[in-house]
Amino acid sequence: MSWLEIILILIGSFCLGSIPLTSYIVKLLTGKKLNQLGTENISVSAAFLHGGKLAGITAVVAEASRGILPVVITKIYFPEYPALQILGLIFLVLGRYAIAKGGGVTNITWGVLIYSPKVLLASAITGLLIWYLGKNLSLHKSYHKWRLLGVRWGCCSGPIWVWWWHFSLAEFISAVILAFLLIIINLRQGDDMALAQKLKLFSLNSKLNVKICGEKATRLAKLKQAGFNIPDGWVLPVSDIKIENPKLPSFDFPVIVRSSAVGEDSDSNSAAGQYLTIGPVYNLIELQDAINNCRASYQRSPAIAYRRQREISDHGMAILIQNYINSQVAGVMFTRNSLDGGSQVIIEALPGSAESVVGGKCTPIHWEIEFSSDTLLEQSLNAIKNNAIKNNPILPLEIIAELVKKAREIETFFHGLPQDIEWCWDGEKIWILQSRPITNLRPIWTRTIAAEVIPGAIHPLTWSINRPLTCGVWGDIFTIVLGKKAVGLDFNETATLLASHAYFNATLLGEIFRMMGLPEQGLEFLLRGQKMGKPPLSQILVSVPGLWRLMQREIKLNQEFNRDLVNIFLPALQQLDNDNIANFTPGELLDRVAAIQKLLKPITYYNILGPIGLAIRTAIFRVNDDYLPKDTMAEIVSVKELEKLADTLQKTGKVNQENNRIFSDELEIAFQNWLNKYGYLSEVGTDISVATWREKPETFRQLLLKMATKPGSINNQQTSSLSMGWWEKWRLNQCWERARVKGKIGEIFTRLLAHLRWTFLAIENYGLENQVLEKKGDIFYLEYKEIQEWVSFGANYTLKDKIRARRIKLEEERDRPVPNVVYGNLIPTGDRAPSFLSPVTSETGILQGIPASIGCVEGYIKICRNVTDNLSTDEKFIMVVPYTDAGWAPLLLNAKAIIAEVGGQLSHGAIIAREYGIPAVMNIPEATTRLQNGQKVRVDGLKGTVEILN
C-alpha cells in the first residue's frame, strides 16, 4: 500500500465528514437552522430537540452511514492495515467538527461497531457503569454531567480494549488519538440533551429530580403519587440558559404559577414569602408573563438577602404551574404545635384563598386540636362545634376532622417530620397545595436506642463523661463510612440531655443515614421504633467504599481486640485492681481518671462495633440467640455461680435462718471471692452514678441466703444439647467467636467504668473531709471539668449551692414522664405535654407493648425502681421496672414476669428473661406510675400485652 493511497483515504474521510448532512436534513424537513438554535451544535440530539422525531431519525441514519463508509472501504481494500480504519474515523471527525460543526459521536459509534464490535461493547459498558454509579453516588453533579462523564470515560477506555483484543501498537496509538479528539470536541461543544431537559415540562405525576425541580414541586409530586388530593401540575425546571418564549402545552385555564426554588421548602429553610405566587392566570400570554415575573422574583433584594443570611447557594428557581382551585375556605395547618412540638394540629383558615392566611394581613380563625388520644380529639372537635353554634361556622365539623386526619397522614408519609401544610376546600374536596417541614422544630430528639443505652435520669458527671466518649466513637465509625463527606458534621451534637434524660439527634442521624445510602425509613426507625427497611441497591452503592472499609474493621475486630486485651486492657486492669487509691492524692486520682478515660475510648469502639457486627452476622446467617455462648456474659455467669454457692450452702446446712449468717469460714470466703470477682457489675453498666455490687455486699449476701434457704429457688435446669448438621454448624461458627468476644468486651468496658466510679468516690471522700462536699453522692452532681477545676485550683464553695440545685432538679425529673420524641430543644409541659401512652380502654384494660419473652402468667404488681426493691420478699411478683439493664439479672430470679417501660426484644433484660424462661413485655411507657403495687394483671409475653384484672 502506497503513501498516496493512505493520503487519499484520509482526505476522502475528511471531506466526507465536512458535509453538513444533519443541518441539511433539519432545514429540509422543518425549515429550521440548527446553527441558530439551542447550543448551536449541529448534532443528532439537536436534530431531535429542534426538528422532531422524523428529522432526528433521518439524521441518525445519515450519520451512521457516514461513520460506517470509511471503515468498510478500508476493510475491503486494505484489510492488512486495520489501524487505517481508525485513522479514517479520525479525519472524518475532524471534518465533521471543523466544517460541519458537529461532534461525530454517532459517526464513531457506528464506525467502531464495524471495526470491532467487542471494543465498542466494552467501551459502552465502561461508560454506562461510570454514568450509573456517578448519578447514584454523586451529591453534587447532575444527571447530565454524569452522562457526559460516562461518554468521556467510555472514550478513554477504548484504547485499552483495542490493545486488549488486538495487541497492535499502531491501532492502540490511533485509538488514543481518536479518544482524546472526541473528548476535546465534547468539552468544547454545548449539550443539547441537557438543554432539552431544561426545556422539558415535567408532570407532577412523574418522579422529579429535586436538583432541577426544587423541593416544593418534588414534595407535591411525591404526595400526588401516594394518592393525596393534589391539583394537577407541571414544572418548568431550573435553567441556567435564558429561554425566550419556551413552547408550552395547552392548559385547562385558569392556572396558578408558583415558585419552586432549589433550597425553598427544604428541611432547614422555608423561604416563606420570598418568591411570587401569581394567579389565577387565564391564557398563554398571561402565563408567559407570570412565569417571567415569578422567575424574576428570585433576584429580588429580599430574596437574595434571605439566601445570604441562610447560606443557601444560588441554584436557581423552577416554576410550578398548577390548576387553579376556586376555594371557599383555605388556610394553613401545622401537624404539631410549632412552639414546642406538642401533640396538637394547629389550623388557621379564612374564606377565599390560602394567600389571605399566610399573607399576615388578616386575622384567621385559629383552632388547636389535640390528637394524642381519640378522647382528646373528640373533646377538641366538640369545643369547636360548640363555638360554631354561637358564631357563623366557617367549615363543617367533618371537614375539620378530615383536615386533622390528612395532617397526621402527611406527617407519617414524610417519616414523622412535622409539616407545615397549605390547603383549601372547594366545597366538596380538601386540596393539598403545599407541604414543607416546620423548620423551627429542629433538631428532632429521640429516646429510641438512648433509653436502652443509658436509661433513666442521668447525673451530670455521668453525662459529662459518656457524651463526648460515645459521640466521639460514633463519629469515628461514621467517618470510616462517609470519608470526606463527614467533614462539617458535628458529631458532638449526636446526643443531648432533656429533663435529665438522654436523647439522640434524629435529625443528624437521619442526615447521616441518607449520606450512607440507608433508606428514608431510618427516620421512622428513630422516631417510631419501626423497622429500618431495605435500601435500594442504587442507594447502597453510595457508601460501598466506606462500608467496605467498615466491614474490614469488623472482620478484624476479634483479632484486634484479643491483641489489645493481652497488650493493653488486662495489664491496665491488673494495675487498677492493685492500686490502693485510699492513699492517692487528689491530683493522682485525677491522673487515674484520665488514664481510665484513655482506655475507655478504644473499648467503647469495640463495645459499639462488636454488637453491631454480631447482630449483622446473626441476621445474615440466621442464627438464633439461644445457640450462642453465654459463658462470657458476666451478668449471667455471676448469677449462675451464686446459685452454685447457694446450692453448696443448702446441702451443707451451714446457714442460720434466724439471723441470716453463714456458719462456714470457707463458704464466707467463697462469697467474698464471688463479690470481688463480679463486684464491678451494677444495675446500669453505663452509669457511673449507680452503685456497684461490691458496694452493696449485704444485699447480695441476703440474696445468697434466700436462695439457699428457700426450697426450689435454685434454677437447676440444664440446657439440652442441640444436634446440628454441618450447615447449621458452619453458620453458627460464623457467629460463635464474635459472641464470646462481645461478652469479653462488655466485661472489660464495665470493669473500667467501675474503676472510674471508685476513683471519683475517692475524690469525693477528699471533698467530704475538706467540706467542699456535703454528703455522699454529691460528686455525681458535678461535671468532670468542674471537678478538675476544684482539685487543680482549690475549693470552690459555691459548688455546694450548685449541687443542691442540681439534686433538686434531678429528683423532680427522675420520675417525670418524658416523651419518646422531642421537637426542638423544649419538652412540652402542662396541658401541651404530648402523650405517648399505649391505649387503655375501660372495656379491655389492655396495655400493648413489645413481646420479649414468651409465656402467660397472672399475678400481682410490684413496682421496682432499682434491683434491691424485691430482695426483701419471698413471694414472686410481676415486677414493673423502668428499664432492664444487664445488672438487673438478680431481680429476675425472684420475678414471676417482667414489665418494662422501655426496651425491645434484643435488650439485655429481654435476653436474660428468655434465659430464665420468664415472660416479659417491654415498652409500656410510664408503667411504674400507671400501674400500682398489689394490682392484679395478666402478662402475655407472646402477644406483648398487659391486661389489668382489678
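The rules we used
Residues numbered from 1 in each chain as written. Predicted model: local features only at pLDDT ≥ 70, side-chain atom pairs only at ≥ 80, totals over all residues. Heavy atoms only, no water. Helix = DSSP H or I, 4+ residues; strand = E, 2+ residues; numbered from the N terminus. Areas by Shrake-Rupley, 256 points an atom, 1.4 Å probe, with all protein chains shown as cover. Buried < 20%, exposed > 50% of the residue type's maximum accessible area, 1.4 Å probe, protein only. Arc of directions from axis to C-beta. Pairing = 2+ DSSP bridges. Axes fitted to C-alpha atoms, helices over the stretch in contact; angles between N-to-C directions. Expected span 1.5 Å × (residues − 1). Bend = angle between axes of the 7 residues up to and from the residue. Core = buried A, V, L, I, M, F, W, Y, C linked by side-chain atoms within 4.5 Å. Contact = heavy atoms within 4.5 Å. Polar contact = N/O pair within 3.5 Å; in protein donor to acceptor, adjacent residues only side chain to side chain. Parallel < 35°, antiparallel > 145°, perpendicular 65-115°, else oblique. Left-handed = near helix turned anticlockwise from the far one by under 90°. Salt bridge = Lys/Arg side-chain N within 4 Å of Asp/Glu carboxyl O.

## Quick word on the overall build of the chain
Along its length, the chain carries 32 helices and 24 strands. In the form shown here, the chain has an accessible surface area of approximately 45,500 Å², with 56% of it arising from carbon and sulfur atoms.

## Considerations on helix α5 (residues 105–115)
Among the residues of α5, those classed as buried are N107, I108, G111, V112 and Y115. One side of α5 holds all its buried residues, which, seen down the axis, span an arc of 115 degrees.

## A few points about the sheet that holds strand β24 (residues 945–948)
The mixed open sheet is built from 8 strands, whose spatial order is β17-β24-β23-β19-β20-β21-β22-β18. Whereas interior strands pair on both sides, the edge strands pair on one side only; in this sheet they are β17 (846–848) and β18 (850–853). Taking the axes of each pair of neighbouring strands and ignoring which way they run, one obtains an average angle of 30 degrees across the sheet. Pairing between strand β20 (residues 877–881) and strand β21 (residues 895–900): 5 bridges, direction parallel. The partner of I878 across the bridge, within β21, is A897.

## Considerations on the sheet that holds strand β8 (residues 365–370)
Within the open sheet, the 5 strands sit side by side as β8-β7-β6-β9-β10. Their pairing is antiparallel. A single partner strand is all that each edge strand has here, and the edge strands are β8 and β10 (430–437). Ignoring strand direction, the axes of neighbouring strands in this sheet form an average angle of 20 degrees. For strand β9 (residues 419–425) and β10, the ladder comprises 7 bridges, and the chain directions are antiparallel. Opposite W423, over in β10, you have I432 as the bridge partner.

## Observations concerning helix α17 (residues 460–482)
Between its first and last C-alpha, α17 extends 32 Å over 23 residues, near the 33 Å set by a 1.5 Å rise per residue. Where α17 bends most, the angle comes to about 25 degrees, and this point is N466, followed within four residues by the proline P468. Looking one or two places after α17, you find G483, whose phi comes out positive at around 65 degrees.

## Quick word on the nonpolar core
If you look at the biggest cluster of nonpolar residues, it comprises 110 residues, and the most contacted ones within it are I603, F760, I763, I787 and W790. The element best represented in this core is helix α27 (residues 726–769), accounting for 13 residues. Residue contacts for I763: discarding those within four places in its chain leaves L589, L590, V593, I779, I787, W790 and V791. Ranked by size, the runner-up nonpolar core spans 40 residues in total, among them A217, L223, I230 and A349.

## Details of the side chain of T494
With respect to the helices and strands, the residue T494 is situated in the loop between α17 and β12 (495–498). Judged by relative accessible area, T494 falls into the buried class, the value being 6%. Looking at T494, its side chain comes within polar contact range of the main-chain oxygen of F491, at 2.5 Å. With residues near it in sequence (within four places) discarded, T494 still touches W445, C471, Y503, F504, N505, L508 and L509.

## Some points on the packing of helix α23 (residues 586–621) against α27
At a closest axis distance of 8 Å, the pairing of α23 and α27 adopts a crossing angle of 160 degrees. Considering their axes alone, α23 and α27 lie roughly antiparallel with respect to each other. Both α23 and α27 take part in a crossing whose hand is left-handed.

## Focus: the pattern of salt bridges
Tallied over the full model, the rule gives 32 salt bridges. Between R336 and E411 there is a salt bridge, with its nearest N and O atoms 3.4 Å apart. Of this pair, R336 sits in the loop between β6 (329–334) and β7 (344–351) while E411 sits in helix α15 (residues 397–413), and the two are 75 residues apart along the sequence. With relative accessibility at 0%, the residue E411 sits in the buried group. Salt bridges here are not isolated pairs; linked through shared partners, they connect D577, K744, E747 and R751.

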